[in-house]
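The primary structure of each chain is shown beneath.
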2 protein chains.
Amino acid sequence: MSDATDHAAHVQTVPARRRRPTMRDVAQRADVSLKTVSRVVNDEPGVSTALAVRVRRAIDELGFHPHAGARLLRTDGRTSAIALLLEDVANPFSAAVQRAVENEARERGVVVFSASIDEDPARERALAREFGARRVDGLLLAPAGDDQSYLADELPSGTAVVCVDREANGIAVDSVITTNALGAAEGVRHLAAAGHRRIAFLGDRRSIRTADQRYAGYRDAIASLGLPLDPGLVVHDLRESADADGAVTALLARPDPPTALFTAQNLITIGAVRALRRLGAEWSVALVGFDDVLLADLLSPGITVVAQDPAAIGRTAANLLFARIAGDTSPPGVRLVPTTLIRRGSGEIQSG
Amino acid sequence: MSDATDHAAHVQTVPARRRRPTMRDVAQRADVSLKTVSRVVNDEPGVSTALAVRVRRAIDELGFHPHAGARLLRTDGRTSAIALLLEDVANPFSAAVQRAVENEARERGVVVFSASIDEDPARERALAREFGARRVDGLLLAPAGDDQSYLADELPSGTAVVCVDREANGIAVDSVITTNALGAAEGVRHLAAAGHRRIAFLGDRRSIRTADQRYAGYRDAIASLGLPLDPGLVVHDLRESADADGAVTALLARPDPPTALFTAQNLITIGAVRALRRLGAEWSVALVGFDDVLLADLLSPGITVVAQDPAAIGRTAANLLFARIAGDTSPPGVRLVPTTLIRRGSGEIQSG
DNA sequence: CTGTTAGCGCTTTCAA
DNA sequence: TTGAAAGCGCTAACAG
């Protein structure tokens, strides 16, 4: 054996970068045509057992893996992928929605891209574009911005869209949302029924549609109860737990403090409970929170909440989206998912 | 105008299905070459302003959107996508890991596919194959099965893999895991330090690696403390909160009940707390849980936990994965993320 | 600065 | 039952 041969052998067995095997490589190795390999890979009929066996052996020996992207290019079919853009996948509400969506997608052999928008409209738009370019079959979106008309520009025509948790604006697509105003009003009336007349509202940024709707529910309830709307008892723009804690502390330090609190979001509820605890007021100041919280039943008092149904929201939205993808062209609308008042103690504390 | 012409015009304006515009369409409309369009779309230099303007106008008029899949086929580069396979995206631990991974991915312009395995090894494998075919650059996996050697078959060569939360078996890849045994032992010793000698263990299925490691930590601690290991105080196979509730109820009904509980998972902890409450034993039976729980500090007593750091786990794993994708070939290993004992009351209840 | 040609990995005619 | 050729939408490599 010559040095040259030896060297050549070495070069062949240790290539700088190994190209991934393609169907063509498989075809060559099995000594069949490209089309035959394609038929075997896709379980199409019309291949003799002998050839099929040879092809499968070649596939294993080479470590061949089909390339879904290349396939898509030719078939121009669906990608069997949808994108899910939520506020923050780590928030229990979003996480529950995501899980419900995944369940529906899984049944249909569809995979889910997910991402958090973090209340950033620019990011919302960039993500829509990103996933549009990847040709997802559909987009499930919890809008952060106040105008989704950009979707018409950013998404390839034919990409289905359904909004979750918050209504879309500026574009005609289905939305699946909680009865925010109704639920909030129910919570406030529940407090009033316990004799409270000074009921504070603690909410997130009003630019968030759900926050604003819940505030509207609060106002409606206050008005229909014939109570005065005291601006001093209304606090918006609470972005995290600690903000709510501070706001409650300030409210209760007033000369005319509220006797009851309506907290319009899960993290706000938690912050408020912390403040009440620190002030030793958890048994004297009533509280109803919007959106349920894990362990809320084990606190003393238990936290009375207006519970949302994130699983139903996710399930409904996913089903709507898949119907659109399948060709449903009925006029889009808003699906409302009702809330449930869960009495656990904090909301039943009487005014006194 | 003839009928024929008329008919032809009609057919053209109302096509059965409109083809999405491609670069070629844009090129034709702007009266430039395909390559020029490509340059404009990719912001490559070397295009006169005049042409660029024309091209961009054509893009808008036609509603053209680049096709990421087709691009990939030609460049054979990265897809800038990774897959994240977790136990259940709705579990707070998994959700926190997912969020941390997304943060790292976002910085690099990488999108995340996510899916829940639900402790089903067959599903784990099917998902790996699915995402492999979609040519993700890398895979972040919390293994459910006890053998991941299948990955070598299911994944195209060159796909990076890092395991999160649970160690990989049968394949040499990086893993990022909590110090489960150490953390569990610390929790048990903490209970012993409060005078407890009958400390029960409540855990998930032992087939889950983390559950088994935590049990090992329990045994180690019991042994090193010179306490007897009473099999009657050890309960495995608790799959949900309600199971734990039942197990605690049974344990405390024994003639020689435990004076302290070590609950080895977040949902188990919650179930145990519920049982203690119902039995009015929350102040007499001590409890330390593994993995932190939201609101644990607001309960009475607060729940003492051995907290994990899911954010650190997700961040570390993602960084490791991206390093591999970038070409790091150093020998894979196990990264341990430490736990923190958080004293809140339930774990400090003295034996009496 | 601009365009032409070839081909990524696969499926779809259509022919043998 | 099998295969050859064409082309999906795009970019790389080279011209002009």
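Residues numbered from 1 in each chain as written. Chains lettered and ligands numbered in written order. Predicted model: local features only at pLDDT ≥ 70, side-chain atom pairs only at ≥ 80, totals over all residues. Heavy atoms only, no water.

Draft legend 1. A look at the nonpolar core. Leu202(A), Leu261(A), Leu202(B), Val248(B), Leu261(B) and Leu276(B) are the most contacted members of the largest nonpolar core, which has 54 residues in total. Here Leu202(A) is in contact with Val235(A), Leu238(A), Ala247(A), Val248(A), Leu251(A), Leu261(A), Phe262(A), Thr263(A), Ala264(A) and Ile268(A), once residues within four sequence places are set aside. Listed in part, the 42 residues of the second largest apolar core include Ala144(A), Cys163(A), Ala168(A) and Phe131(B). (Core = buried A, V, L, I, M, F, W, Y, C linked by side-chain atoms within 4.5 Å. Buried < 20%, exposed > 50% of the residue type's maximum accessible area, 1.4 Å probe, protein only. Contact = heavy atoms within 4.5 Å.)

Draft legend 2. Spotlight on the interface of chain A and chain B. Every contact between the two is made by 51 residues of chain A and, on the other side, 51 residues of chain B. The junction of chain A with chain B conceals about 4700 Å² of combined surface from both sides, 54% of it contributed by carbon and sulfur atoms. Between the two partners, chain A and chain B, sit 10 salt bridges. Residue Asp118(B) pairs with Arg106(A) through a salt bridge whose shortest N-O separation is 3.0 Å. At the boundary of chain A and chain B, one finds 39 residue pairs in polar contact (both at pLDDT 80 or more). Every element with two or more residues in the side of chain A that touches chain B is listed here: helix H5 (68-75), helix H6 (92-107), strand E2 (111-116), helix H7 (121-133), helix H8 (151-154) and helix H12 (266-278) of chain A. Top element by residues in the side of chain A that touches chain B is E2(A). It accounts for six residues. (Buried area = accessible area lost by both parts, 1.4 Å probe. Salt bridge = Lys/Arg side-chain N within 4 Å of Asp/Glu carboxyl O. Polar contact = N/O pair within 3.5 Å; in protein donor to acceptor, adjacent residues only side chain to side chain. Helix = DSSP H or I, 4+ residues; strand = E, 2+ residues; numbered from the N terminus.)

Draft legend 3. Just the domain arrangement of chain A, in detail. Once the domains are mapped, chain A shows domain 1 (3-66), domain 2 (81-178 + 311-336) and domain 3 (180-309 + 340-348). The centre of domain 1 of chain A, based on its C-alpha atoms, is set 66 Å off from the matching centre of domain 3 of chain A. (Domains from an automatic or database assignment.)

Draft legend 4. Region of the structure containing the pairing of strand E8 (residues 260-263) of chain A. All names here are of chain A. Residue alternation in E8 divides its side chains into two sets, Ala260 and Phe262 and Leu261 and Thr263, and both sets are buried. Both strand E6 (residues 199-202) and E8 contribute to a ladder of four bridges, which runs parallel. Residue pairing across strands places isoleucine 199 opposite alanine 260, the latter belonging to E8. Bridge count for E8 against strand E9 (residues 286-290) is four bridges, and the pairing is parallel. (Pairing = 2+ DSSP bridges.)

Draft legend 5. Structural context of the protein's contact with DNA strand D. Thr36(A), Ser48(A), Arg74(A), Met23(B) and Arg74(B) are the nearest of the 28 residues found near DNA strand D. Restricting the count to atoms of DNA strand D within 4 Å of the protein gives a sugar and phosphate share of 62%. In this structure, Asn42(B) approaches DNA strand D through a side-chain N or O atom, which is 3.0 Å from a phosphate oxygen. Breaking the surface near DNA strand D down by element, the ones donating at least two residues are helix H3 (34-41) and H5 of chain A together with helix H2 (23-30), helix H3 (34-41) and helix H5 (68-75) of chain B. A total of five residues in the surface near DNA strand D trace back to one element, the largest contributor, which is H5(B). Here the surface near DNA strand D is built from residues that sort into 10 nonpolar, 10 polar and eight charged. (Near = heavy atom within 4 Å. Nonpolar A, V, L, I, M, F, W, Y, C, P; charged D, E, K, R; others polar.)

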